[in-house]
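# Structural overview for review
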Amino acid sequence: MKLNRGGGEHGHHHHHHEALKFSSFFFMPERPREYLVLFTRFSVLTCLIVSVSLVLRTTFLSSSAPEYSSSYGLRFPAVPQKAIALPPTRSAGPITISHVQFCIAGAAETWLDRSQYTSLWWRNTTRGFVWLDKPANIPQNHSDNRFSIPVRVSDSGWTRFRFSSSKAAVRIARVIWDSYRLNLPDVRWFVMGDDDTVFFTENLVKVLSKYDHEQMWYIGGNSESVEQDVMHAYDMAFGGGGFAISRPLAARLANAMDGCLQRYFYFYGSDQRIAACVSEIGVPFTEERGFHQLDIRGDPYGFLAAHPLAPLVSLHHLVYLDPLFPNKNPIDSLQTLMKPYTLDPHRILQQIHCYDRKRQWSISISWGYSIQIYTYFLTAKDLDTPLQTFKTWRSSSDGPFTFNTRPLKPDPCERPVTYFMDGAEDVRDSGTKTWYSVGDKKYGHCGKSEHSRVTKVKRILVTSMKMDPEYWNKAPRRHCCEVMEGGRRKEEEMSIRIRKCRSSEMI
């Protein structure tokens, strides 16, 4: 067969020079050696085309990666490239409450009742939504501010995921996806909680200010009952106490959530599912001691009267616990606690010890809440340790808890005389006065004269300067207090001043 070197059908001399070169590259072989040359040229051209295609695909089509990658028979969702290259939050300056988006999990059936708890802390400046399973029947022509809290219904996509025990846990875990996809501007943190979680937002902001919101953070608290931590996880933020997720982590979590819901269908709670998903991303749990799940039963008094040296961020499960104050219901108790909180947010529930050395009394103050007076000497370590007035959450046992407790002695004379806050006011915008009246905790009658001397004190005045806003940014140290002498102090009154401890002072 004769090769037509013109490259055209008739071989005319007027064809282009390029066509001549192309046809000479693909000449028709006439000898065996020419077959080898032609095969080599085809191979070189094929490799060149494949290489160029791979480069173009890597450069322009990386976002169309397979949805799943496989490892040892397990299927894990591949993270799209767009979820890795995040835009900055474009938010500079100190954090404020407007940088926080709340993601509150609720249910239409219980929202009218639980909204009483949310309304205690939700303000006009609060951003976020309460996420329900369906629209709630809100009364018409209402004037109650709790019904002005923004409510949304969760996206129905959660219904396609299987579960082993709690259907609601699937929806609640996906609230982070519901919230992130709203793409609200200038959000640095997403804070999850339940509709009966009470947040102390000024302290929440103070805690979050310690962390770089452009990094990936997962911050909260675990359970107070060891049995709960063993059953679920120690390195997990329990959802009722609330937890905070920085925006970069929220972006990755929202992207990965559906895959995690498929894999972790056998978990009980929404917080377990989220913790497992965060673990896949590689971010550890950061514990802050002011988030309180309150996985306890009975009277929370002992725990709250010996709060750890950390800002109070949240309280939960109050609907299942005895009221915080005697002769008040849970909502009235919280409203009472909010009065001193609004005056000095960073000091609320902070514990201070002092001694009345003349009368040999040991005194422990939980600011804004309660005072205990013992008729004998107790060390600071003893006063720091909560009285066990409560049981574990699951089995109603005497422990163990994730902190030490001391027993409430059976002898009424060894039990404290307790006082509860019943008044608070500003003093020239830089200080506060709080009053505490004796409250019957039904600890029994003690006939000893020394105990009778304490019970004659019916009201205690506590004065203090407001907590320095920078206090929690420094190495914390418990403040000191002293019983004020002088004046015509009545036997039924006592005055105590809170102050910073002197450098060499010990209690």
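Above this text sits the structure in question.
This report concerns the structure included in the present document.

The rules behind these values
- Residues numbered from 1 in each chain as written.
- Predicted model: local features only at pLDDT ≥ 70, side-chain atom pairs only at ≥ 80, totals over all residues.
- Heavy atoms only, no water.
- Helix = DSSP H or I, 4+ residues; strand = E, 2+ residues; numbered from the N terminus.
- Buried < 20%, exposed > 50% of the residue type's maximum accessible area, 1.4 Å probe, protein only.
- Contact = heavy atoms within 4.5 Å.
- 1 Å grid on protein atoms, 1.4 Å probe; cavity = no way out; pocket = protein on both sides within 12 Å on 5 of 7 lines; lining within 4 Å.
- Points joined across faces, edges and corners; volume = space filled by probe spheres on them.
- Nonpolar A, V, L, I, M, F, W, Y, C, P; charged D, E, K, R; others polar.
- Polar contact = N/O pair within 3.5 Å; in protein donor to acceptor, adjacent residues only side chain to side chain.
- Expected span 1.5 Å × (residues − 1).
- Disulfide = S-S within 2.5 Å.
- Phe/Tyr/Trp six-rings, centres within 6.5 Å; stacked < 30°, edge-to-face > 60°.
- Lys NZ or Arg CZ within 6 Å of the ring centre and 35° of its normal.
- Salt bridge = Lys/Arg side-chain N within 4 Å of Asp/Glu carboxyl O.

## Observations regarding the overall build of the protein
Along the protein, the regular secondary structure elements total 13 helices and 21 strands. Scored against the burial criterion, the 507 residues of the protein give a buried share of 49%. Pairs at least 24 residues apart make up 67% of the contacts formed inside the protein by residues separated by at least 6 positions.

## Regarding empty space enclosed by the protein
Within the structure shown, the criterion is met by three cavities of 30 Å³ or more. Volume-wise, the largest cavity comes out at about 40 Å³. Together, Leu309, Arg347, Gln350, Gln351, Ile352, Met467, Tyr471, Arg478 and His479 line the largest cavity. When grouped by side-chain class, the residues that make up the lining of the largest cavity number four nonpolar, three polar and two charged.

## Considerations on the environment of His307
With respect to the helices and strands, the residue His307 is situated in the loop between α10 (301-304) and β12 (314-315). Residue His307 is classed as buried on the basis of its relative accessible area of 3%. Taking the C-alpha atoms as reference points, His307 and Gln351, 44 residues apart in sequence, are found 6.4 Å from one another. Beyond its immediate stretch of four places on either side in the chain, His307 contacts His292, Leu312, Leu349, Gln350 and Gln351. A distance of 2.7 Å separates polar atoms of two side chains, one belonging to His307 and the other to His292.

## Brief notes about helix α8 (residues 247-263)
Taking 1.5 Å of rise per residue, 17 residues should cover 24 Å, and α8 covers 24 Å from first to last C-alpha, within 8% of that figure. The element α8 is largely enclosed, with a buried count of 15 among its 17 residues.

## Describing the layout of surface pockets
The space that makes up the largest pocket amounts to roughly 910 Å³. Lining of the largest pocket is provided by 39 residues; of these, Ile172, Asp194, Tyr268, Ser270 and His316 occupy positions nearest its centre. Elements with a contribution of two residues or more to the lining of the largest pocket: β3 (100-105), α4 (167-173), β6 (189-194) and α9 (270-281). For the lining of the largest pocket, the leading source of residues is α4, giving five residues. In this structure, the second largest pocket occupies an estimated 580 Å³ of space. In terms of lining, the second largest pocket is formed by 24 residues, of which the most central are Arg289, Ala306, His307, Pro308 and Phe403. Across the lining of the second largest pocket, the residue classes break down as seven nonpolar, 10 polar and seven charged.

## Details of the state of the cysteines
With the rule as written, the count across this model stands at four disulfides. In this model Cys260 forms its disulfide with Cys277; the gap between the sulfur atoms is 2.1 Å. Because the sign of the S-S torsion sets the handedness, a value of about 75° for the bond joining Cys260 and Cys277 places this disulfide among the right-handed ones. One end of the pair, Cys260, is in helix α8; the other, Cys277, is in helix α9, and 17 residues separate them in sequence. Per residue, the accessibility class of Cys260 equals that of Cys277, and both read buried. With its sulfur 1.8 Å from that of its partner, Cys413 forms a disulfide with Cys446.

## Remarks on α9
In this model, α9 (12 residues) spans 17 Å end to end at C-alpha, consistent with the 16 Å of a helix rising 1.5 Å per residue. Burial analysis of α9 places nine of its 12 residues in the buried class, which makes it a mostly covered element. Of all the residues in α9, the buried ones are Ser270, Asp271, Gln272, Arg273, Ile274, Ala275, Ala276, Cys277 and Val278. Against the buried residues of α9 lie α4, β6, β8 (218-220), α7 (226-231), β9 (243-246) and α8. With its phi angle positive at about 100°, Gly282 sits one or two positions after the end of α9.

## A short note on the packing of aromatic side chains
Counted under the stated rule, the structure contains 28 aromatic pairs. Note on Phe390 and Phe401: the rings are 5.1 Å apart at their centroids and 80° apart in plane angle, and the pair reads as edge-to-face. With a gap of 11 residues between them, Phe390 in strand β16 (residues 390-392) and Phe401 in the loop between β16 and β17 (417-427) connect regions that are remote in the sequence. In this structure, Phe390 and Phe401 share a single accessibility class: buried. Members of the aromatic cluster, each reached through a chain of ring pairs, are Phe102, Trp121, Trp122 and Phe199. Over the face of the ring belonging to Phe129 we find Arg152, whose NZ or CZ atom lies 4.5 Å from the ring centre.

## Quick word on the pattern of salt bridges
Taken as a whole and judged by the stated rule, the model has 22 salt bridges. Its salt-bridge partner being Glu280, residue Arg263 comes within 2.8 Å of it at the nearest N-O pair. Of the two residues, Arg263 is situated in helix α8 and Glu280 in helix α9; the sequence distance between them amounts to 17 residues. Through salt bridges with shared partners, a single network forms among Asp155, Arg160, Arg174, Asp178, Arg181 and Asp258.

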